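The lines below spell out each chain.
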Amino acid sequence: MQDKYDPSTVERLAQEHWERSHAFRAVEDPARPKYYCLSMFPYPSGKLHMGHVRNYTIGDVLTRHHRMRGYNVLQPMGWDAFGLPAENAAMAHGVPPAKWTWDNIAYMKRQLRSLGFAIDWDRELATCAPGYYRWNQWLFLRMLEKGLAYQKTGVVNWDPVDQTVLANEQVIDGRGWRTGAVIEKREIPMYYLAITRYADELLAALDALPGWPERVKTMQANWIGKSFGVRFAFPYELDGRREKLWVFTTRADTILGVTFVAVAAEHPLATRAAKRDARLAAFIDECRRGSVMEADLATMDKKGMPTGIFVDHPLTGEKLEVWVGNYVLMGYGEGAVMAVPAHDERDFHFAKKYGLPIRQVIDVPGERFSLEAWQEWYADKQRGHCIHSGRYDGLAFDAAVEAVAADLEARELGSKRVVWRLRDWGISRQRYWGCPIPLIHCGRCGTVPVPDDRLPVVLPEDCVPDGTGNPLAKRRDFVECACPKCGGAARRETDTMDTFVDSSWYYIRYAAAGNDAAMVDERVGYWLPVDQYIGGIEHAILHLLYSRFWTRVMRDLGLVAFEEPFQRLLTQGMVLNEIFYRKPESGRITYYNPAEVEKRTDDKGMRCAAVLKADGLPVESGGIGTMSKSKNNGVDPQALIERYGADTARFFMMFASPPEQTLEWSDSGVEGSHRFLKRVWAFAGAVREAVASASGVPAELSAPLARVRREVHLNLRQANHDFQKFQFNTVASAAMKMLNALEAAPERGEGRAAVIREGMSILLRLLSPIAPHICHGLWRELGFGDDPLDAPWPQPEEAALACEHIELVLQVNGKTRGVLTLPASAAREHIEHAALASEAAQRHMAGKPARKIVVVPGRLVNVVV
RNA sequence: GCGAAGGUGGCGGAAUUGGCAGACGCACUGGAUUUAGGUUCCAGCGCCCCACGGCAUGCGGGUUCGAGUCCCGCCCUUCGCACCA
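Residues numbered from 1 in each chain as written. Chains lettered and ligands numbered in written order. Predicted model: local features only at pLDDT ≥ 70, side-chain atom pairs only at ≥ 80, totals over all residues. Heavy atoms only, no water.

**Remarks on the overall build of chain A**
Alright, step 1. The secondary structure content of chain A amounts to 28 helices and 37 strands.
Alright, step 2. Seen through its principal axes, chain A has C-alpha atoms that stretch 105 × 85 × 65 Å.
Alright, step 3. Within the span of chain A, comprising 865 residues, buried residues form 53% of the whole.
Alright, step 4. Carbon and sulfur atoms provide 51% of the accessible area of chain A, an area that totals close to 39,100 Å².
Alright, step 5. Put simply, chain A has 106 plus and 108 minus side-chain charges, and the middle of one group is 1 Å from the middle of the other. (Helix = DSSP H or I, 4+ residues; strand = E, 2+ residues; numbered from the N terminus. Buried < 20%, exposed > 50% of the residue type's maximum accessible area, 1.4 Å probe, protein only. Areas by Shrake-Rupley, 256 points an atom, 1.4 Å probe, with all protein chains shown as cover. Lys, Arg positive; Asp, Glu negative; His and termini not counted. Charge placed at Lys NZ, Arg CZ, Asp CG, Glu CD.)

**Concerning the side chain of arginine 475**
Alright, step 1. The residue arginine 475 is located in the loop between β22 (446–449) and α14 (476–479) in this model.
Alright, step 2. A distance of 2.9 Å separates the side chain of arginine 475 from the side chain of aspartate 477, its partner in a polar contact.
Alright, step 3. Sequence-distant contacts of arginine 475, that is, excluding residues within four places in its chain, are made with Pro460, Asp462 and Cys463. (Polar contact = N/O pair within 3.5 Å; in protein donor to acceptor, adjacent residues only side chain to side chain. Contact = heavy atoms within 4.5 Å.)

**A closer look at the protein's contact with RNA strand B**
Alright, step 1. Looking at RNA strand B, there are 75 residues lining it, with Arg431, Asp603, Ala656, Ser668 and Asn862 nearest.
Alright, step 2. By atom count, sugar and phosphate contribute 70% of the portion of RNA strand B lying within 4 Å of the protein.
Alright, step 3. Measuring from a sugar or linking oxygen of RNA strand B, one finds a side-chain N or O atom of asparagine 222 at 2.7 Å.
Alright, step 4. Among the elements that line the surface near RNA strand B, the one with the most residues is helix α23 (residues 728–743), at 6 residues.
Alright, step 5. The class makeup of the residues in the surface near RNA strand B is 26 nonpolar, 27 polar and 22 charged. (Near = heavy atom within 4 Å. Nonpolar A, V, L, I, M, F, W, Y, C, P; charged D, E, K, R; others polar.)

**Digging into the sheet that holds strand β11 (residues 241–249)**
Alright, step 1. The 3 strands are arranged β11-β10-β18 in an open sheet whose pairing can be described as antiparallel. Two strands lie at the open edges of the sheet, namely β11 and β18 (414–420), each paired on one side alone. Going across the sheet, the axis of each strand differs from the next one's by a mean of 35°, ignoring polarity.
Alright, step 2. Looking at chain direction, strand β10 (residues 226–238) and β11 are connected through 9 bridges and run antiparallel. Bridged to arginine 231 within β11 is phenylalanine 248.
Alright, step 3. Strands in contact with helix α13 (residues 397–410) are β10 and β18; relative to β18, the strand with the most contacts, it is inclined by about 120°. (Pairing = 2+ DSSP bridges. Axes fitted to C-alpha atoms, helices over the stretch in contact; angles between N-to-C directions.)

These results come straight from atomic positions and should not be treated as a statement about function.
The structure is reproduced here in structure tokens:
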């Protein structure tokens, strides 16, 4: 055994052992309970970042822990390989996205291997491989057959200079990132998946997911957004024709407070009004500029312009003017809204700005009628009752909505409706590096699906996009084809699929790895659903919701027998680091990587300065933020692994904070983790001979040795409890406490050797999911066996935990005044007696009689005077 | 703007869910070892006070014998918002 802990050797030997013995190959075995542990697959961006290391270490800890508990474990890995960054790299470096992607995959796979994850690499997949994405296409065609996939128009960001569609990310302050051109909203035909048909089920089934964090379920429920309301129409006459302007509201109780109606710039009524009003046409044109992002729309200045068109209030007949509002969106609901300035904050500001009437129709008893009062009232809409509303006066929310809906229905102008915030999923992307949509456009036959036996529609891999137009549309060898129906010349669809399609079912494909004949097979029935899914909180809504939808579609096609793909979900927090920068008087801000900065502290350990190592001059601290290129505060996992080894990297990631919280990077924290592993190594070396000669733990131990043993078993019990809670940071500290206790074990001789032998066998097994290489090495050195991975998980022993005396906290009036040491078996009367008799209690009771004594067994006794 | 989560020493965090606030680690201080730096080991370490003791879990109220934990109201930070993945 080497004296010094040398991670590179230890890790190489362990990894060779796992490789040689195919230790992580998962084989279906109906006789054993299975555990499918899945981490969100990475986008092959170039190299691993700390978020990956954290994600996959969490998954690996769970994988190894469950394996030691006797489960048949599957932990696969793959690549979310289609996407925009590959096209950006192509534009920047002239390299085809395919080559860039495959090179990245090769490099990142080596990095993952060097971290020693217990991954079954035989099941590896990449979504950009035709053998994978052909099943995207196949399932899309099934959805088309069922009417679940359909075509309609959608709004996109259009760069008029490059003649191309831009992603939201590529629009900066309303301009194209490459051209600087003002972006326009443009409506184009797209394909949609009808996720809204599953809205009810997706919402209701959230209750059946006890293994999901509440916050994720809440966010999904809000995203789906079931609401009850009334759809109704404002009748009007225009150009001699009677017509109706439809709107939807969840607040029909305020219908008598409507003072105007607002429509989207793209609304047909706006278009018609613009024909005879040049200023309005210009305003509508202005509304078309800017990004399509919801957050931008919600925070921008609310602007509007009257159309000169008036509609009738459906209940009173009052004339109300129609306005065009830039905050009304054509894609949502009816593209028109009723405006009630008195009871809606946005309408209120709009009305104030343009001098429109404000009419209060709800009274909230006890509230002054200020803007603040409205906001408060709005947050709790069940409060208050109708006023100035004629026959609805005095009605509360529910009754008022019912009455209004009934009256609208009687006039055939509206009815109650259930509406969803959730919208159908637009999957068309006018981009190259994605899965081709398997359709052919024929002049005679229309849009024709590519027959199953001609799948996959293969994406040409030698394209180099240049940022203009649609790259696939320029490829004649791709576009030109024969119509499958009539055989005539036809044009292939050039849109590709949203990459969320690729990631909506990859976890199912791992189980059917290598099957070229079918999307799924019987192995799916064994492994799925996923028992534990681990990934970033940023995916809490879209990816998880799309996966739940896609799985249900597969269920309805008879492909799988389950509907919830992920039984339990762990959403891991982001990895943060300090931000340092300099901002010159004029010119651009420069960010410095924390590794280039020296942090100085005063003699109390308080930060007093930060200077750049290169020039010794101060830099500004920009606080803490997620590791990113733009803030130049990333830490390269590769450098960390090379310097300290994979085990230190893994241990630090687990120790620094609980998985669900953000993790702050700390160089000295890494040092501390490394120090601990070095101590484990050194201690194992020091006790090796004693352990070799030790026998079982004797029934009678000296009191100090019994305390050491108790400490080990107490911490094991704590750690087992923490594993249930996914709280690996305290598992790591339990391992540290065990080592502290074992190092402090007194005496020499047989009893000590036995306690240390048992303690080390527990410690190494407890630590092995987190730092598997060093534990593998020491497990062998100490003669416990081949690998702790194949040893049973340790359990605390009652006999080791038992003790004769307990300590009770003594409080007087709820304030801690001392500690009572009593026999563990002491009865309540005995405890009360001992408390009253204690010197500390006497002193603080100041002669007053005890009014009440609260005894919490095993914890405290509180004397109330 | 809407939705969600989180604020505890100089720092990361702990507190078995209403029961000793600050485990474990980092940083810092003192000491030992070392030619020195580093390493390793020992001790100290929330704030105020000589001490008794008092004050402390973002801020302000409340419930309770007892509140970091529960309730109400503020303030701040982070994440998501449908074409980044």
